[in-house]
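# Notes for the structure review
For reference, the chains in residue letters:
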Amino acid sequence: MRILPKHTQRAAIAALGGATLLTLSLLVFIIVFVLEKGLPVLSLRFLFTNPQDMGRAGGIFPTLVGSVVLPLLAVAIATPLGVGTAVYLTEYTRESRLTRVIRFGTDCLAGIPSIIFGLFGFIFFVTTLRMGWSIISGGLTLAFMILPTIIRTTEEAVRAVPRAYREVSYSLGATRWQTVRRVILPNALPGIVTGVMLGVGRSIGETAAVIFTAGSSLRLPSSVFDSTRTMAVHFYILAREGISTENAYGTAAALVIAVLSVNLIAYWLMNRVMARRS
Amino acid sequence: MKLFGEKGVERLLTGIAFSAISALLLIALFIFSEGLPFIMRYGLRGFLFSSEWQPQAGQFGIFPMIVATLWVTLGAIAIGAPLGVAGAVFLTEFMPRPVMRAVKPTIELLAGIPSVVYGFIGVMVLAPLIRSTFGGPGLSLLAASIILGVMILPTVISISIDAIMAVPQSYREGSLALGATTWQTVRMVTVPAARSGIIASIILAMGRAVGETMAVIMVAGNAVKLPGSALDSVRTLTANIALEMGYATGTHRQALFATGVVLFVVVMALNSIAGLAIRQKAGRR
Amino acid sequence: MNKMLQPTTGALLLAIVLTGCGRQKTSITMAGSTAFQPFAEKLAEQYMIGHPDISITVQGGGSAVGIQSALSGAAQIGMADLVQLPPEAKDLTAVPVARDGIAVVVNPANTVAGLTMAQIRGIFNGTIRNWKDIGGADAPITVVSREAGSGTRTSFEQIVGGIALSKDALIQDSNGTIRETVANDANAVGYLSHGLLNEKIKALQADGRDCTTEAIMAGTYTLVRPIYLLVKGTGSEQITAFIDYVLSPEGQQTIKSNGLIPVK
């Protein structure tokens, strides 16, 4: 007997819909699980007091500082490089073997596992350049890691700036750099910020690359040459070592909220860019 | 900005444009310079194909970890790819566009959940479940595959949706006009047309699964042996590096960098294949 | 009111950190043994109260990192917890500052109360594979051990003797993770620093001896390893002063009250 297309269609919809539902519920479960257990622990006091006894008691203030300072340093280093690369690729050169090589390198860099960044940061910044486990070592390593994201999103944003803007600028006698600086970059700003925010989000959530380069000292750092511990690393240590499950959940909630809100801002900005383009 | 003239700016930007590729080369240089001499000395065959990993006794065979990485990745793909592609197809072809436009960013947002959180849930929820249902230590190949399978879902869905959306509307209209149902259109027209993008999403997801470290350390149990079943504990290449790096000196440390070399090569290969798959279809912008 | 103050102080501190106006301090980095790390943190914390001009940072990493970083200068003081220091440590001054018992631990649900050294050897070699063979329930044994290079593992294997670790053994990378894994798995057995025992796990008798501070000090419990602080050359005045503090009655009391055994 032949199965009617109508029936296979219905079966297919059921199967695909079921898979989609399963996917969404798995992902939602993770968020809900963490927030449900973590939100009761989370408070301003938890965020802004120092931990005691390795994090068994007290808050997570130094790790909050670590999670702010390290990503900021990373984007401060990566943004000029990323934006510069993107502007060069889009405004200063035509498609050639050279641009293809640069793009391929960027794609490759994006695919490197974070543990490799960690190994590299450890051997290069920490050991060879004698920076020790420090904010500067961690920030530089993370900067390498998020560079491709910033390049790509900036490139998208710069391309989304209408041709006409450039033509008007050039016809008024502006030089290339003036056009880039006064017309293109301001118009591409939301897209650039998107890339930066995505980089911040990735840096906040990163563990493997950070633990090998910034170390895991729980003390409040007093300069960029001090070691620091981010919330992600703190959560990993609390959870793994069974130091305090309660504080681990609290830290996880703070971490997830931080990453999701940073990413949310990034996507909101990206949507604005996309909307303008279409 | 009078600091640099027009030419100066151009020269500066040209220099900056090489930052990503220089970073890549620098990373490769340092990982390889630490790892390659060891591989030369120890012998590539012994390193890749011996099953004895006894650093204290000077034995460094990573075959069990290569096999484990392979199985964990395949397991993750077996779980994540069908679910992800099904989700992408359902959202693009069977749901109204506004629903898709709302769900896609939500899923992409979830790609940002830190991997340690996935690992923690694996330890707290998944491993006990596996232990009580199937026996064994719970921390296992199966647990790692499931956790990674879920972790790669956002990657697979997001890129697959882009690929399916890129299929011209006229293809679908043609098929529907010939009397095909939506499902027949999806199966015979849309998905085949979006094939290379979907494959690219899966290969990129493989890259992520191969490279994931912290979540895997937490749920895989890290025993160095060839897995006999999905319930056995395994150690991946990434886990080997992160677990032992803190304690390794001398040759042991070089062997871990050599593990990094193998990982680097594998991931580069996967990314190049994914890049080819995407480019083959889209051409360069 | 207090609740309102906290974030403000936090923001202020953040601002200070961000501007990076660190005061001039002598900075000492300690790195190494994860077993001693919590004690070092605590000792450093106490010491810095009396010596505000000194800033001590404590890193983990493991005994091998302790030796390496003391040699390379990445840390001024290395921490190692090995029965035998490796040959490359010969250029370092090793000061024993504490002793640590290694407890063989199981899940509290386990009915086995003690093991002989031969049984411990059998379990970790993989020749004894079921709890019923050694007086427990009929359940497979999940062996949990440390990674190669760990000071605790090296010491444990040396003292028990004749261990070629079973390939089925799960590997965890710290005392704490061993504890968590054993606490979560009713059939697991592992070993960890005596100082980190808690109610989530049960310490077994070894050769009929309880793993207690008294038994370790009396020398009847034999699974014991020393903990060394390692300094390159003679070290600066500040470093010597800190090590003297660790060895002082106050320092040794801190070590003892938190579960390690004083050196003398």
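Predicted model only: the values in this text are computed from it and were never measured.

## Re the overall build of chain A
Scanning chain A from terminus to terminus reveals 11 helices and two strands. Going residue by residue from the N terminus, the α and β elements of chain A occur as α-α-β-β-α-α-α-α-α-α-α-α-α. Expressed as lengths along the three principal axes of its C-alpha atoms, the size of chain A is roughly 75 × 65 × 35 Å. Taking all 278 residues of chain A together, the buried fraction comes to 61%. If you take every contact in chain A between residues at least 6 apart in sequence, the share linking residues at least 24 apart comes to 73%. Total accessible area computed for chain A in this model is approximately 10900 Å², and 65% of it derives from carbon and sulfur atoms. On chain A, the mean spot of the 25 positive side-chain charges and the mean spot of the 12 negative ones are 8 Å from each other.

## Description of the interface of chain C and chain A
Taken together, the 31 residues of chain C in the interface contact 24 residues of chain A. Between chain C and chain A, roughly 2500 Å² of surface is buried when both sides are summed, and carbon and sulfur atoms account for 56% of that area. There are one salt bridge connecting chain C and chain A. For the salt bridge of Asp-173 of chain C with Arg-240 of chain A, the shortest nitrogen-to-oxygen distance reads 2.7 Å.

## So, the packing of aromatic side chains
Enumeration over the complete set of coordinates arrives at 27 aromatic pairs over all chains. Both rings, one in Phe-120 of chain A and one in Phe-30 of chain B, keep their centres 6.1 Å apart while their planes meet at 75 degrees; by these two values the pair is edge-to-face. Taken together, the residues span two chains, with Phe-120 of chain A in helix 5 (residues 114-128) and Phe-30 of chain B in helix 2 (residues 19-42). The two residues Phe-120 of chain A and Phe-30 of chain B agree in class, both being buried.

## Description of the interface of chain B and chain A
Taken together, the contact pairs 70 residues of chain B with 78 residues of chain A. Connecting chain B to chain A are eight residue pairs in polar contact (both at pLDDT 80 or more). Residues that form the side of chain B that touches chain A fall into these classes: 49 nonpolar, 13 polar and eight charged.

## Regarding the domain arrangement of chain C
All names here are of chain C. Splitting chain C by domain gives domain 1 (27-98 + 226-262) and domain 2 (101-218). Each of domain 1 and domain 2 has a C-alpha centre, and these two points are 27 Å apart. Every contact between the two is made by 12 residues of domain 1 and, on the other side, 14 residues of domain 2. Of the roughly 1100 Å² buried at the junction of domain 1 and domain 2 (both faces included), carbon and sulfur atoms supply 61%. It is Thr-34, Val-83 and Ile-261 in domain 1 that bury the most area against domain 2; as a group they hold 39% of the surface buried on that side. Inspection of the domain 1/domain 2 interface yields zero salt bridges. Linking domain 1 with domain 2 are three residue pairs in polar contact (both at pLDDT 80 or more). Residue classes in the side of domain 1 that touches domain 2 are distributed as six nonpolar, five polar and one charged.

## Here we look at the side chain of Gln-9 of chain A
Along the chain, the position of Gln-9 of chain A falls in helix 1 (residues 5-38). What makes Gln-9 of chain A buried here is its relative accessible area of 15%. Discounting residues that sit within four places of it in the chain, Gln-9 of chain A has contacts with Phe-94, Thr-181, Thr-182 and Trp-183 of chain B.

## Describing the packing of helix 9 (residues 169-177) of chain B against helix 10 (residues 182-193) of chain B
Residues and elements named next belong to chain B. The N-to-C vectors of helix 9 and helix 10 enclose an angle of 145 degrees; their axes lie 10 Å apart at closest approach. You can see that helix 9 and helix 10 cross each other, and the crossing is right-handed. When helix 9 is examined against helix 10, the residues Tyr-171, Arg-172, Ser-175 and Leu-176 are found in contact with a partner set consisting of Thr-182, Thr-185, Val-189, Thr-190 and Ala-193. Tallied by class, residues from the contact of helix 9 with helix 10 come to four nonpolar, four polar and one charged.

Cut-offs and rules
- Throughout this description, residue numbers start from 1 for each chain and increase along the sequence as written.
- Numbering of ligands from 1 and lettering of chains from A proceed in the order in which they are written.
- At least 70 in pLDDT is required for a residue's local features to be given in this predicted model, at least 80 for side-chain atom pairs to be given and counted, and no such filter applies to totals for whole chains, interfaces and linings, which use all residues.
- Side-chain descriptors were evaluated using all non-hydrogen atoms of the structure, hydrogens and water having been removed beforehand.
- The numbering of helices and of strands both runs from the N terminus, where a helix is a DSSP run of H or I of at least 4 residues and a strand a run of E of at least 2.
- Partly exposed describes any residue whose relative accessible area lies between the buried limit of under 20% and the exposed limit of over 50%, with all areas from a 1.4 Å probe on protein chains only and scaled to the type maximum.
- Throughout, a residue-residue contact means that at least one pair of heavy atoms, one from each residue, lies within 4.5 Å.
- Areas reported as accessible are Shrake-Rupley estimates using a 1.4 Å probe. Residue values count occlusion only from the protein chains shown.
- Counting rule for charge: Lys and Arg are taken as positive, Asp and Glu as negative, and neither His nor the chain ends is counted.
- In plain terms, the charge of a residue is placed at NZ if it is Lys, CZ if Arg, CG if Asp and CD if Glu.
- Buried area is calculated as the accessible area (1.4 Å probe) missing from two parts once they are joined, with the contributions of both summed.
- Salt bridges are counted wherever a side-chain nitrogen of Lys or Arg sits within 4 Å of a carboxyl oxygen of Asp or Glu.
- In summary, the pairing rule links any two rings of Phe, Tyr or Trp, Trp by its six-membered ring, whose centres are within 6.5 Å, and it sorts them by plane angle into stacked for under 30 degrees, edge-to-face for over 60 and tilted for everything else.
- Nitrogen and oxygen atoms within 3.5 Å of one another constitute a polar contact, given that in protein one can donate a hydrogen and the other can accept it, and given that sequence-neighbouring residues count only through two side-chain atoms.
- Under the scheme applied, nonpolar residues are Ala, Val, Leu, Ile, Met, Phe, Trp, Tyr, Cys and Pro; charged residues are Asp, Glu, Lys and Arg; polar residues are all the others, including Gly.
- All the domain ranges listed were derived from an automatic or database domain assignment.
- Comment: axis = line fitted to C-alpha atoms, over the contacting stretch for helices; angle = value between 0 and 180 degrees taken between N-to-C directions.
- If you view the pair so one helix is near and one far, a crossing is left-handed when the near helix is turned anticlockwise from the far one by less than a right angle, and right-handed when it is turned clockwise.

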